[in-house]
Structure formats: C-alpha cells, structure tokens
Amino acid sequence: ARTPQDLETAVLGFEELQAAAFQPLCSPGSSDVPVDAALGSEGLRQAFLKGQPAGAALEDAVSELLRGMAGPGGAVLTASRFAEGARAWNAFVALDDGAR
C-alpha cells in the first residue's frame, strides 16, 4: 500500500512533467494555450499518459480531458484550468496505481 506522502509525491511528479510540456505551447506573452495546439502536442499527451502504452480509449480520454479543461468556448486552455484539470487526472491515476 502506498502512503499519502507517496501519492502526493507521485501527483507532484506528474504535474511537473505536464507543466514542462504545457509551458512551451503557451502563446507568446501569455500563459494560455490554443486547444488545437494542446491536442496536437505529442509531448503533452505523453505527459498525461506517463509512458504507458496508449490504447484508443486512453488517447480519447486525454483528448476529452484537454477539451474539457478549455471550458466554455473551448478555443483556449488557460494555465489555471489546465492545472486544475491535471490535478484531478493525476489524483485519479495516483490512487488507481496505488490500488494495484
């Protein structure tokens, strides 16, 4: 069983990888990313998949997650919405991995 500290460490590690993939996609002078750029970024996708072999269902889930993070209008992904969505995804993944 993993401790709460282990889970928090895992989530923070995931967040660092995702932030590193998100930041270069930001529009010049902004912390926003066009949704199309996020969806087309292999590096960002891999940061969410955490090196796991991706099947179509998992790939689709990541795409829907990114679209959902964009919120109403869906054209731009703000850094704050990205961080909130990534935190929820990462908590799920860390807890799911911890149950194995």
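Located above this text is the structure these notes cover.
A. How the structure looks around the nonpolar core. F22, L44, F48, L66, M69, L77 and F82 are the most contacted members of the largest nonpolar core, which totals 26 residues. Listing elements by their share of this core, those giving two or more residues are α1 (4-22), α2 (35-39), α3 (42-49), α4 (56-70) and α5 (79-98). Here this core gets 6 residues from one element, more than from any other, and that element is α1. In this view, L66 contacts A38, L39, L44, F48, L77 and F82; residues no more than four positions away in its chain are not counted.

B. Expanded view of α3. Looking at α3, one finds that the buried residues are L44, R45, A47, F48 and L49. In the segment just after α3, K50 is the residue with positive phi, at about 55 degrees.

C. Quick peek at the environment of D6. Relative to the helices and strands, D6 is located in helix α1. Given the relative accessible area of 38%, D6 is considered partly exposed. Taking C-alpha positions, D6 is 9.0 Å from A94, a pair spaced 88 residues apart along the chain.

D. Representation of the side chain of Q18. Assignment of secondary structure puts Q18 in helix α1. For Q18, a relative accessible area of 0% corresponds to the buried category. Within polar-contact distance, the side chain of Q18 engages the side chain of N90 at 2.7 Å. Leaving out residues up to four positions away in the same chain, Q18 has contacts with L44, A47, F48, K50, F82, A86, W89 and N90.

E. Region of interest: the pattern of salt bridges. In total, this model carries 3 salt bridges according to the counting rule given. Measuring nitrogen to oxygen at the nearest pair gives 3.0 Å for the salt bridge that ties E59 to R45. Of this pair, E59 sits in helix α4 while R45 sits in helix α3, and the two are 14 residues apart along the sequence. You can call R45 buried: its relative accessible area is 10%. Across the pair E64 and R67 runs a salt bridge, and its minimum N-O distance is 2.9 Å. Note that E64 and R67 are positioned in helix α4 at a spacing of 3 residues, about one turn of the helix. Its relative accessible area of 40% is what places R67 among the partly exposed residues.

Conventions used here
- Residues numbered from 1 in each chain as written.
- Predicted model: local features only at pLDDT ≥ 70, side-chain atom pairs only at ≥ 80, totals over all residues.
- Heavy atoms only, no water.
- Core = buried A, V, L, I, M, F, W, Y, C linked by side-chain atoms within 4.5 Å.
- Buried < 20%, exposed > 50% of the residue type's maximum accessible area, 1.4 Å probe, protein only.
- Helix = DSSP H or I, 4+ residues; strand = E, 2+ residues; numbered from the N terminus.
- Contact = heavy atoms within 4.5 Å.
- Polar contact = N/O pair within 3.5 Å; in protein donor to acceptor, adjacent residues only side chain to side chain.
- Salt bridge = Lys/Arg side-chain N within 4 Å of Asp/Glu carboxyl O.

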